[in-house]
Amino acid sequence: MVSHVTTIAFEGIETVAVDVQVMVAPGKVGMQIVGLADKAVAESRERVQAALHASGLSMPARKVTVNLAPADLPKEGSHYDLPIALGLMAALGAIPADALSAYVVVGELSLDGTVAPVAGALPAAIGANAMGKGLICPHGAGPEAAWAGAEIDIVAPRSLVAIANHFRGTQVISRPEPAVRAAPADLPDMADIKGQESAKRALEVAAAGGHHLLMVGPPGSGKSMLAQRLPSILPPLSPRELLEVSMISSIAGEIAGGRLSDRRPFRAPHHSATMAALVGGGLRVRPGEASLAHNGVLFLDELPEFSPQVLDSLRQPIETGECVIARANSRVSYPARVQLVAAMNPCRCGMAGEPGHRCARGPRCQSDYQARLSGPLLDRIDLRVEVPAVSAVDLIRPSRAEPSSAIAERVARARLCQAERYAAMGLGGVTTNAQCPTSAIEEVAAPDEGGLMLLRDASEKLGFSARAYHRVLKVARTLADLDGAENVARIHLAEAISYRIAGERLAQAA
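Calculation rules
- Residues numbered from 1 in each chain as written.
- Predicted model: local features only at pLDDT ≥ 70, side-chain atom pairs only at ≥ 80, totals over all residues.
- Heavy atoms only, no water.
- Helix = DSSP H or I, 4+ residues; strand = E, 2+ residues; numbered from the N terminus.
- Buried < 20%, exposed > 50% of the residue type's maximum accessible area, 1.4 Å probe, protein only.
- Contact = heavy atoms within 4.5 Å.
- Areas by Shrake-Rupley, 256 points an atom, 1.4 Å probe, with all protein chains shown as cover.
- Lys, Arg positive; Asp, Glu negative; His and termini not counted.
- Charge placed at Lys NZ, Arg CZ, Asp CG, Glu CD.
- Pairing = 2+ DSSP bridges.
- Core = buried A, V, L, I, M, F, W, Y, C linked by side-chain atoms within 4.5 Å.
- 1 Å grid on protein atoms, 1.4 Å probe; cavity = no way out; pocket = protein on both sides within 12 Å on 5 of 7 lines; lining within 4 Å.
- Points joined across faces, edges and corners; volume = space filled by probe spheres on them.
- Nonpolar A, V, L, I, M, F, W, Y, C, P; charged D, E, K, R; others polar.
- Phe/Tyr/Trp six-rings, centres within 6.5 Å; stacked < 30°, edge-to-face > 60°.
- Lys NZ or Arg CZ within 6 Å of the ring centre and 35° of its normal.
- Salt bridge = Lys/Arg side-chain N within 4 Å of Asp/Glu carboxyl O.

Caption draft 1: Up close: the overall build of the protein. Along the backbone of the protein there are 21 helices and 18 strands. Counting the 510 residues in the protein, one finds 51% classified as buried. Pairs at least 24 residues apart make up 74% of the contacts formed inside the protein by residues separated by at least 6 positions. Total accessible area on the protein is roughly 22,200 Å²; 54% of this is exposed by carbon and sulfur atoms. Separation of charge centres in the protein, based on 50 positive and 52 negative side chains, amounts to 4 Å.

Caption draft 2: A look at the environment of Thr6. Looking at the secondary structure, you find Thr6 in strand E1 (residues 2–11). Taking the C-alpha atoms as reference points, Thr6 and Ser405, separated by 399 residues in sequence, lie 48 Å from one another. Each residue touching Thr6, except ones within four places of it in the same chain, is listed here: Val18, Tyr103, Val104, Val105, Met131 and Lys133.

Caption draft 3: Inspection of the sheet that holds strand E13 (residues 266–267) at higher detail. Pairing in this open sheet of five strands is parallel, and the strands run E13-E14-E17-E11-E18 from one edge to the other. Only two strands of the sheet have a single partner each, and these edge strands are E13 and strand E18 (383–386). Where strand E11 (residues 213–216) meets strand E17 (residues 339–344), four bridges bridge the pair, whose relative direction is parallel. The residue bridging Met215 from the neighbouring strand is Ala343, located in E17.

Caption draft 4: Spotlight on the nonpolar core. Judged by nonpolar contacts, the single largest core of 50 residues is most densely connected at Leu213, Met215, Leu230 and Val341. Setting aside anything within four residues of it in sequence, one finds Leu230 in contact with Leu203, Ala207, Val297, Gln339 and Val341. Core analysis: the next-biggest nonpolar cluster, separate from the first, contains 49 residues, Leu122, Ile251, Ala290 and Ile325 among them.

Caption draft 5: Region of the structure containing empty space enclosed by the protein. In the structure shown here, the tally under the stated rule is one cavity of 30 Å³ or more. Its volume calculated, the largest cavity comes out at about 30 Å³. Surrounding the largest cavity, Pro231, Leu234, Pro235, Pro236, Arg263 and Arg264 form its lining. Broken down by class, the residue content of the lining of the largest cavity amounts to four nonpolar, no polar and two charged.

Caption draft 6: Structural view of unusual backbone geometry. Here Ala69 and Pro70 are connected by a cis peptide whose omega angle stands at 5 degrees. Locating Pro70 in the fold gives a position in the loop between strand E4 (63–69) and helix H3 (81–92). Phi angles above zero are rare outside glycine, and Leu36 is one such case at about 60 degrees. Examined against the element boundaries, Leu36 turns out to sit in the loop between strand E3 (30–34) and helix H1 (39–42). The phi torsion at Asn295 lies on the positive side, around 65 degrees, for a residue other than glycine. For Asn295, the location among the structural elements is in the loop between helix H11 (289–292) and strand E14 (297–300).

Caption draft 7: Highlighting the pairing of E1. Note that E1 and strand E2 (residues 14–25) share 10 bridges and pair antiparallel. What sits directly across from Thr6, in E2, is Asp19. Between E1 and E2, which pair antiparallel and follow one another directly, the connecting turn spans two residues, one of which, Gly12, has a positive phi of 70 degrees.

Caption draft 8: Seen up close, the pairing of E14. Side-chain alternation along E14 places Val297 and Phe299 on one buried face and Leu298 and Leu300 on a second face that is also buried. Summarising the sheet, E14 and E17 pair through four bridges and their orientation is parallel. Among the inter-strand pairings, Val297 is bridged to a residue of E17, identified as Gln339.

Caption draft 9: Summary view of the packing of aromatic side chains. Scanning all chains against the criterion turns up two aromatic pairs. Ring plane angle 70 degrees and centroid distance 5.9 Å describe the contact between Tyr103 and Phe167, whose orientation is recorded as edge-to-face. With Tyr103 in strand E5 (residues 103–105) and Phe167 in helix H6 (residues 160–168), this residue pair connects regions lying 64 residues apart in the sequence. This pair shows no difference in class: Tyr103 is buried, exactly as Phe167 is. Directly above the ring of Tyr422 sits Arg421, whose terminal nitrogen or CZ lies 5.5 Å from the centroid.

Caption draft 10: Focus on the pattern of salt bridges. Per the counting criterion, the structure on display carries 21 salt bridges. In this structure, Glu254 and Arg267 form a salt bridge, with 3.0 Å as the shortest nitrogen-oxygen distance. Of the two residues, Glu254 sits in the loop between helix H9 (239–251) and strand E12 (259–260) while Arg267 sits in strand E13, which places them 13 residues apart along the sequence. The residue Glu289 makes a salt bridge to Arg267 at a minimum N-O spacing of 2.8 Å. Taken together, the residues span a long stretch of sequence, with Glu289 in helix H11 and Arg267 in strand E13 at a distance of 22 residues. Here the two residues Glu289 and Arg267 agree in accessibility, since each one is buried. Because the salt bridges share partners, they merge into one network encompassing Glu319, Asp379, Arg380, Asp382, Arg467, Arg471 and Arg500.

Structural data, given as C-alpha cells:
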C-alpha cells in the first residue's frame with residue numbers, strides 16, 4: 001500500500017507542491033528516503049522513528065520506502081518530518097488515509113513525539129490555499145499561518161498523538177488565531193536630537209517620499225541617532241506590505257511565536273557583512289539583509305568600511321527592488337524594495353572640514369577615503385546631507401525638539417497624497433515618489449518656467465546624469481507634497497538640488 005501526503009518545497013518566497021509517497025512492503029527491514037533529499041531530510045528517518053516510538057507506535061518489521069516527488073527537485077529543511085511521519089501512520093492504519101488528502105503538511109518532529117515550529121509557515125499556508133487545501137503545521141507556527149486567511153482550514157497540533165486523536169474524532173484541535181506583536185513602547189524619538197535642523201529636515205523628506213539618504217559628518221555628530229529614529233516617523237505597513245514582509249521573515253525563521261508586527265523593518269548590518277549576507281545567498285539561498293529590510297529601512301553605518309564589491313552588489317536591488325540569486329542549478333528571487341540610509345565620516349580620521357582641524361595626511365585623507373564609494377552607487381542616492389558637529393549651545397538648550405509624532409503626521413499626509421495620485425494614474429504597486437517610473441515623474445513633477453530654467457542650469461554645471469535629473473524631480477515632488485502644493489515650484493527644485501551638491505563632490509572623489 002502506498003499513502004500520499006502533500007507538502008511543499010520553497011523557492012524564494014514561492015512554494016512548490018511535493019508529494020510524499022510512503023510504501024510499506026516486504027523486504028529488508030529499514031527506512032529509505034529517496035527524491036534528491038539533503039542531509040536534514042535524510043536525518044528525518046531517525047527523528048520519525050524515535051517520535052513514533054515515543055507516541056506508542058513501532059516501526060513495522062518491513063521495508064519502508066519514502067519517495068519525495070518530483071524526484072529532480074532538491075528537498076531542503078526539516079519540515080518534511082511531519083509529512084513523512086503522517087504518511088507512515090496512514091500506511092500502517094493509525095490514521096485514516098483519506099483524511100490527509102485535504103491538507104498540506106509541514107513540521108519538524110522532536111524525539112518525544114512533539115511537533116516543533118519550522119520556518120515558512122505563512123508561505124506554506126498561502127501555498128496550501130492556492131492548491132485549495134488546508135494546512136497542518138506545528139502549534140507554535142499556527143498563529144503565523146492563520147494570517148493567510150480566515151477561510152483556510154488550519155490544524156496546529158502539539159504532538160503526533162494529538163493529530164491522530166483529531167482525525168479519529170476523540171480530540172478536537174481548535175483553529176489558531178492570528179497573533180500580533182505589540183509595538184515597542186521605548187521607540188527612539190526625534191525629540192532626543194538636539195540641533196541638526198537641516199539633517200532632520202532631510203530625514204523627514206526621505207521618510208515622506210521613500211528616498212535614499214546619505215549623511216556625512218564627523219564622529220559623534222548624531223548620524224546614527226538620526227537613522228535609528230527614522231522608523232518612528234514612517235507610517236505603519238499596509239496589509240499588502242505586511243504580508244510581503246512577513247513572508248520573507250517567515251522564510252528566514254525570524255517571526256517569534258508566530259506574531260506579526262506592522263512596524264517597518266529596520267536592518268543595520270555590520271560593515272564586515274559579506275555579499276551573501278547583504279543580498280542573499282549561501283548553500284540554501286537564504287534572504288539577505290536587503291530582502292529582510294523589504295518595505296523598510298536598510299541602514300549602512302560607516303559606509304566606506306564595507307567592502308566595495310559588497311556595496312556595488314546593492315546597485316541592482318536598489319534599482320529593481322529585488323535580489324536575484326543565480327546559481328548553476330537554481331535561480332531564486334527575493335523582494336528588496338528598501339529605503340537605503342547610510343552614514344559615513346568625511347575622511348579616515350573623521351574630522352575633515354571641521355574648523356581648527358588639520359589632518360597630517362593632507363587632502364589625500366579625504367579623497368582616498370571617499371574614493372571607496374563608487375560613482376554609480378552614489379548616483380542612486382537621492383539625498384546627501386552634511387551633518388556637522390553639534391555645538392555646545394544646542395546641547396545645553398533646555399527645550400526638547402519636535403517629537404516624532406508631529407513629524408509622522410506630516411509624513412503620513414504626504415504619503416497618502418502620493419498613494420492617491422498614483423492609484424488614480426493606474427500605477428499599481430507605486431505608493432511613493434521614489435518608486436515612480438521616470439515616464440510618470442516628468443508628468444507629475446513638471447516644474448514651472450523658473451524651476452525649469454534652474455534645473456537646466458544646475459544640470460549643466462553639476463553634470464547630472466539622466467538618473468540624477470529624474471531623482472531631483474522626485475525629491476522636488478516630495479517637497480511639494482509636504483507643503484501641500486499642487487505643482488512643483490522653483491523653491492522645491494532649489495532645495496532638491498541642494499541635496500545633490502554634497503553628493504556630486506563625493507562622486508568626483510570616487
